[in-house]
Structures are given as C-alpha cells and as structure tokens.
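Listed below are the residues making up each chain.
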Amino acid sequence: MAIEFGSRKETFENFKVYETTLAGRPFKVEMGKMCGLSNASALIRYGETCVLCNVVMSPKPREGVDFFPLNVEYEEKLYAAGRIPGSFMRREGRPGERAILTSRVVDRPMRPLFPKEMRNDVCITMTVMSLDPDCSPEIAGMIGASLVTAVSEIPWNGPIGGVQVGLVDGEIVLNPTQEQRKVSDLALTVAATMDKIVMIEAGANEVDEDTMLNAIKAAHVEIKKIIEFINKIVAERGKPKIDFQVVGLDMDVFHAIKEKYLDDFKAAMDTDDKNVRDAALLPIMDKIAEEYPDLTAADLDLVSYKMQKFVVRRWLLDEGKRVDGRGINEIRPLAAEVGILPRVHGSGMFTRGQTQVLTTCTLGGTKDNQLMDDLTDEQTKRYIHHYNFPPYSVGEARAPRSPGRREIGHGALAERALVPVLPSLEEFPYTIRCVSEVLSSNGSTSQASICGSTLALMDAGVPIKAPVAGISCGLITEGDRWMTMLDIQGVEDFHGDMDFKVGGTRRGITAIQMDIKVDGLTYDIVAEALEKCRKGRLFILDEIIKPCIAEPRAELSKYAPKMFSMQIPVDKIKDVIGKGGKVIQEMCANFNCKIDIEEDGHRCQAFVAVFDWTDLTRNDWLVVNQFTVKGSKTVRPDMVAFVNGLPLAVIELKNPADEKADVFAAFNQIQNYKNEIPQLFEPNVVCVISDGTVARLGSISADQERFMPWRVAEGIATPEQHLELEVLIRGLFERQTFLKYFRHFIAYQTSG
C-alpha cells in the first residue's frame, strides 16, 4: 500500500553476519545490506580491518576480443587509516604501487578458474575502508573477492583462500602482526583451492627451499579452513551459475587446418630464433587466410595460437623436446658485462638467449627517498627499482607508453629480491635507484633484471652482502601427467601452464612469484620447481656473475656523490639550520653539497652528499664532523687546520684575544709542514683523535675500523721533523687554555 507522505523503515531482510576465526583473530562477513545492484557484495571484517568487496559481470560478451576481460581492482582509501591524502587535490588519485601489486596478487589465482571461452566483462573491486595494521587488508580482500564471486551467478571454478606467512625466530607465523612483520625473515602470500596451490608471492631473507615449502604447506592447512567457511556461505545463499555465450573458433575448421598444416607449423617452429620463427609462420597464416576467407583476424590469431600451443606441448610431453632444441634443464647461452655506461654510477647488462636487460644504478642522498602516500607502514622507501619494457624489445613498431601493471609488478619482484642483501643506512647512507631497461625480450625478463641489477649494484660500489640471481621454471600438464623445464623462453611461457620465478643468493631464496594457467599445483610440482631453480641460480652466480665481477667495487664512481653522516647535538640543530634555513642553505650552495637532517626527538643525524671533495676546502664555509657553531654562525676557515687538502681540526673561540695569535701560528706551522714534506700527509685518511687531555696523530685504516698512529718512515721525514710536528699538534690539545675552546675533531676520507 502506497504511503502519501513519509517512508517505511528499511529492514534488510536478507542481511546476515557469518563469523569464524583466521589465524586466531575474528573474521566476519556481512552480506545483504550494502551494494544491492552488484552481482554479489560483502563487507569483510578482519579484526578492525574492513574491506568492501563487489563483483559485477556485463550481461553480454564483449565483441572483438580473444581473451577473457577480467578486471581486479584493489582500492586504498587513506581515510581507512585516519589520514588525508598529501596530493594537491587532497583526494586519492591513480592507484599506488602497493594497490597495483595487491590487485595482481588477487587476479593471478582467480583468473585461471574462470572459463577461458567466456568474453563477458567481469570486474572485482576491493575497497579498503578501515585499516587494522595487525590484520592484513590484502588477505581480507582476496578472501572477500573469492567469496562474492563464488556466491554470485558468474561461472567460476572456485573458491580460493589466501594467507600470509612470516618466519619469526625460525618459527612459522600465519598472518603475522605489524610487529612480527618487522622482524620476520619471510613475507609469503599463498593462495590455494581445497586441493592445490594456485599462487605464491614471496620476499625472504635468504630462506632455504625446505623452509619455504614447509611455509607453503602450513599456509594451505589454514586456507582449507577458510574455503570450508566460504562453502558454507555459498551453500546457504549462492546463486545458480548462468550459461554464457561461448565465443570461439569453429572446431571443425580448426581440425581441418591442423590436419593439413601441422607439419608446416612444426618446421617453422623448430628454431631457437624468435624472429626466424615468426617470419616462417607468416606465409603459413597467409595461406590459411586465403583458403578460409570467412575467418576474421581474431579467428586467425586463435588458429595460430592453438597450432603453436599444440606443437609446443606435444613436443615436450611426448618427445621431451624443446622448441629451441635445448635439454629440459639446459639454460640458454648466458653473458654478463659491467661498466657499460661511463657517466652513470653503475651499470650491468645480463643476456640469456634473446632476452637482454641493461640495468643502471644511481646513488643519491637521503632526501631522494621515495615518499609513500599509501596504507603501508613505510613513510619513505630507500631502494627503488624500476622496470621498463619498450615496444622495440619485442619488435613492435609503436611508441613507448607509461609503465603498466606488468612493468610495476616485475620491478617490484626485482626490488624484493635485492632488498635483503642491501647494506643498512648506517653502513651506506645513500638512496639507491636501479632501472632495468629490457633491450630484448624472449621470456624471463624479470629474472634477467635481477641479475642485471646485481651487476649494476656491484659496479656502482654498493656493498651488497651477496650477489643475487634469478631464473624461472615452466610446467606442462595433461591429466595426471606433468613435467617441468628450466629457463622457459617466451613461446614456452605463452603456451605452458606455469611461470615459477625464483630469485636468491647461494644461501637461499629472496623472492618468488608464481603464475599459472591451470587449476593449481601439487606439492611435488612446487618442490621440483624450487629445486630446479636453486640449481639454475647457483650456476648463474658461479659461472656468469662471479667471473664478471666477483665483489662490489672498492670505490664509488667519480660522478657519484660522496656521502658521510654525523651526529649533531639536539640543542645545536637550530644553529645548524639557521633562521629560515639560512645557514644550511648557504652551506649547500657554497659547497655544492646536499645536507639532509633527520631527527627522532632523541638524536639528530645529518647526511651530507658532496659532489666534489675539493669543495670542502673553499675559503668561505666549512662542513665539519659536528657542525661547530658560534651563536648561529658557522666557523670561518681561519680557525681550521688543513691536512692533505682536508680539515684536520676545528676549534670554537669564545673570547680568544689572548690565544688567537698563538693558535693561528700553530696552524700555520702545520700548513708549512704540509708544503715542505707532502709525503708525510699521504695516508688515505688523516685525523686527530683526542679524549680531551691527550691527542694522537695518525691515520684510519681503509676499512675505517682501526686507528693507526703515525710512525717515522725512512725517506719521508726525519725523526726530529716527525716529533716536532707531533709535539706541535699535541700541544694544541694539551694546553689547558686551549682545551676550553676545542670542541670537535674530524676525519675525512680522501677521494682521488
């Protein structure tokens, strides 16, 4: 009955909450209240994390496409963490890197379970609306996406479940909390059906293969519980799956083509050169197009795909033969080279068959860190890896475009593989950016970029803990039959069932990414893939990378900034920066350097990037170990003693009227010794160390771990000259009238 004025109260009769636990924390699913026009919708509550999941399918198939048009979108809303976006418009823009990577992590296990012949658009959207740092929104989103798709009428061979795995103090931890993630040696995400593994994504601190496999198995046990929970919801409110319009090739026509042209395809494909193979296939396809004029361009592409797939798979399964004639576990011809580009800070090129990647390494100051405006725990990122895949790398005649999801995903994989071996900020106070340019692509470019980046980092002098290499393993299945092969090239990846990519050092795995096109993998397949990748990785490290460059270069490129860090007393920060930043800006301008100051409330550290050491000795300002100041003014060079062109000691004079002449005279005498006996000042590092009462003149060892007092060396200076110099410097430190003016000492390492 209509109401003349007013409204009825909505009761949401179909609303229901389903509850379980996931890794010991409450997990709830709310359905029947929100997003009534979607094919299916659910609000997932995991702890205090809330993710709204929706799936929608178009009523008709998309015309003119030869693939299943699936879109998986993971949206991060900064209000979920109580933050306002930092952009000018103060609203979320294009997806960030983490959102794109999460979309890929959800897409990869779900896509193989949709019917390959379906052409209806399907869009899965996961929106993070509340964030609990201890409860992963990525896992909540993956489970929610699986749930709504399984409940909907959309054809899909799910459900799947997902779990994150950590390794804390040697113990496997499921869905680790924020604090556990900080100390974990493993960041593993696993997706699986009730019977098989469908997706693996991992970053690790050199974890061995057995531990990795055990972590995967532990994840699968928990995933089975999640799938049981989803199945109960589907049994209660799941919709009948609809029939869809099959868009595909007339199989009678295809069988006729295969019968007539199979031998031609085999002859054309029997080569290790991608260009030769493609050129040989063109006249065959022209004949087919002429013989079957009713076939559209999409039909012809599908014919070519199916014929090549049939040949590749039959060769592998029936004959153990690969397209390029290699053995099943044989790696393509390899080459490595460093120092290719003279002006960049480091460069390395890695070649594997017709796959070739050139990686450059650039070093910058701490202010060059990437700012992270997303829901991650990180505010900045110190190591940045970018991967570019230009059209010419696959012989396509089109203009390059901005990086897509694939490029971002491959760059993140290489970044994840290398992070565990990078030096700490204290050991190496630089921001590091690697860029992998794919010069030629015929499979496994992401793994080639890992190898190329190792070469570039060592060429740049970055003291990595160990070199990292990457390689992939493929899979062909038919019923219960299966076989794996090492180092798959493009045609094997395209027509095979798996691309199992593993990066790591000699000690263990640092990154994994697994893509499949079948309904999942057994433990035996995963174990064999891990072992084959381990052997291939060790071969590349020992036989290719080590002979090219055995260890990081001892010195940085002359074009790289020279970085050093220093502690500043908290009460001196205002004097270093100056009013409105005047002092620090003038120092940066006058010395051609960058000075970045980081403060945590308890201590203050300055990171200085100098582009030319000679700029430190200019006669107007000076950068010193601890910024010595008088009021808000930086110490002037008339209060500095120089040795080997670098400052030896700096003093602060408060009221030095009676001491000034003697102090300056002593410094002038030191300068005279430098001019008269230059050999005495040639050690790599020259410094004065004082405990406030006794000074010692000497040098610092190359590894900067030992102080070595100077000794008289024959032919450099007489004992009398050496003693006179040492007494002169000792006197400056030991005179009580001078001690109250002395504040800091300095040790600079010379560069060339």
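Residues numbered from 1 in each chain as written. Predicted model: local features only at pLDDT ≥ 70, side-chain atom pairs only at ≥ 80, totals over all residues. Heavy atoms only, no water.

(A) The arrangement of the confidence of the model for the protein in detail. Scored by pLDDT, the protein comes out at a mean of 82, with 79% of its residues at no less than 70. Note on residues 681–697: pLDDT is under 50 here. Beyond four places in sequence and across chains, it has 62 contacts. Low pLDDT, under 50, characterises residues 699–707; the stretch is placed with 19 contacts to residues that sit more than four places away or in other chains. (pLDDT = per-residue confidence, 0-100. Contact = heavy atoms within 4.5 Å.)

(B) Highlighting the nonpolar core. In terms of nonpolar packing, the biggest core is built from 132 residues, with V29, F114, V122, L188, L457, M498 and F500 touching the most fellow members. No other element matches the eleven residues that helix α4 (residues 209–237) contributes to this core. Excluding anything up to four places from it in sequence, L457 contacts C361, Y383, L418, L422, I432, C434, V462 and I464. If you look at the next biggest cluster of nonpolar residues, it comprises 28 residues, including Y261, I284, V312 and M483. (Core = buried A, V, L, I, M, F, W, Y, C linked by side-chain atoms within 4.5 Å. Buried < 20%, exposed > 50% of the residue type's maximum accessible area, 1.4 Å probe, protein only. Helix = DSSP H or I, 4+ residues; strand = E, 2+ residues; numbered from the N terminus.)

(C) Structural view of the pattern of salt bridges. Inspection of every chain in the model, using the stated rule, returns 39 salt bridges. R398 serves as the salt-bridge partner of E396, at 2.8 Å between the closest nitrogen and oxygen. According to the relative accessible area criterion, E396 is partly exposed, its value standing at 40%. Residue class for R398 comes out partly exposed when judged on its relative accessible area of 41%. The salt bridge involving E531 is made with R534; its shortest N-O contact spans 2.8 Å. Of the two residues, E531 and R534 are both situated in helix α11 (residues 523–548); the distance of three residues between them amounts to about one turn of the helix. Overall, E531 belongs to the partly exposed group, its relative accessible area being 29%. (Salt bridge = Lys/Arg side-chain N within 4 Å of Asp/Glu carboxyl O.)

(D) Seen up close, the sheet that holds strand β7 (residues 161–168). Taking strand neighbours across the sheet as the criterion, the eight strands line up as β8-β7-β9-β10-β21-β20-β18-β19 in an open arrangement whose pairing is antiparallel. The open sheet has two edge strands with one neighbour each: β8 (171–174) and β19 (481–486). Sheet twist, expressed as the average angle between the axes of neighbouring strands with direction ignored, equals 20°. Where strand β10 (residues 197–207) lies against strand β21 (residues 509–516), five bridges are found, and the strand directions are antiparallel. Looking at β21, one finds that E201 is bridged to Q513. Sitting on the sheet, helix α1 (residues 97–110) touches β9 (186–192), β10 and β21, and the angle it makes with β10 is about 135°. (Pairing = 2+ DSSP bridges. Axes fitted to C-alpha atoms, helices over the stretch in contact; angles between N-to-C directions.)

(E) Quick look at the side chain of R104. For R104, the position within the fold is in helix α1. Notably, R104 is buried but unbridged: the nearest opposite-charge side chain belongs to D515, and the N-O separation is 5.3 Å. Here R104 is in contact with R405, R406, G409, H410 and Q513, once residues within four sequence places are set aside. (Lys, Arg positive; Asp, Glu negative; His and termini not counted.)

(F) The packing of aromatic side chains, seen in detail. The tally for this structure, following the rule as stated, stands at seven aromatic pairs. Residues F68 and F114 carry aromatic rings whose centres are separated by 4.9 Å and whose planes lie at 40° to one another, so their mutual orientation is tilted. Of this pair, F68 sits in the loop between β4 (49–61) and β5 (70–76) while F114 sits in the loop between α1 and β6 (120–130), and the two are 46 residues apart along the sequence. Residues F428 and Y430 carry aromatic rings whose centres are separated by 4.4 Å and whose planes lie at 35° to one another, so their mutual orientation is tilted. For F428, a relative accessible area of 6% corresponds to the buried category. Among the aromatic residues, those joined into a ring-pair cluster are F27, Y46 and F229. Between the NZ or CZ atom of K33 and the centre of the ring of F12, over which it lies, the distance is 6.0 Å. Cation over ring: K321 sits above W315, and NZ or CZ is 4.2 Å from the ring centre. (Phe/Tyr/Trp six-rings, centres within 6.5 Å; stacked < 30°, edge-to-face > 60°. Lys NZ or Arg CZ within 6 Å of the ring centre and 35° of its normal.)

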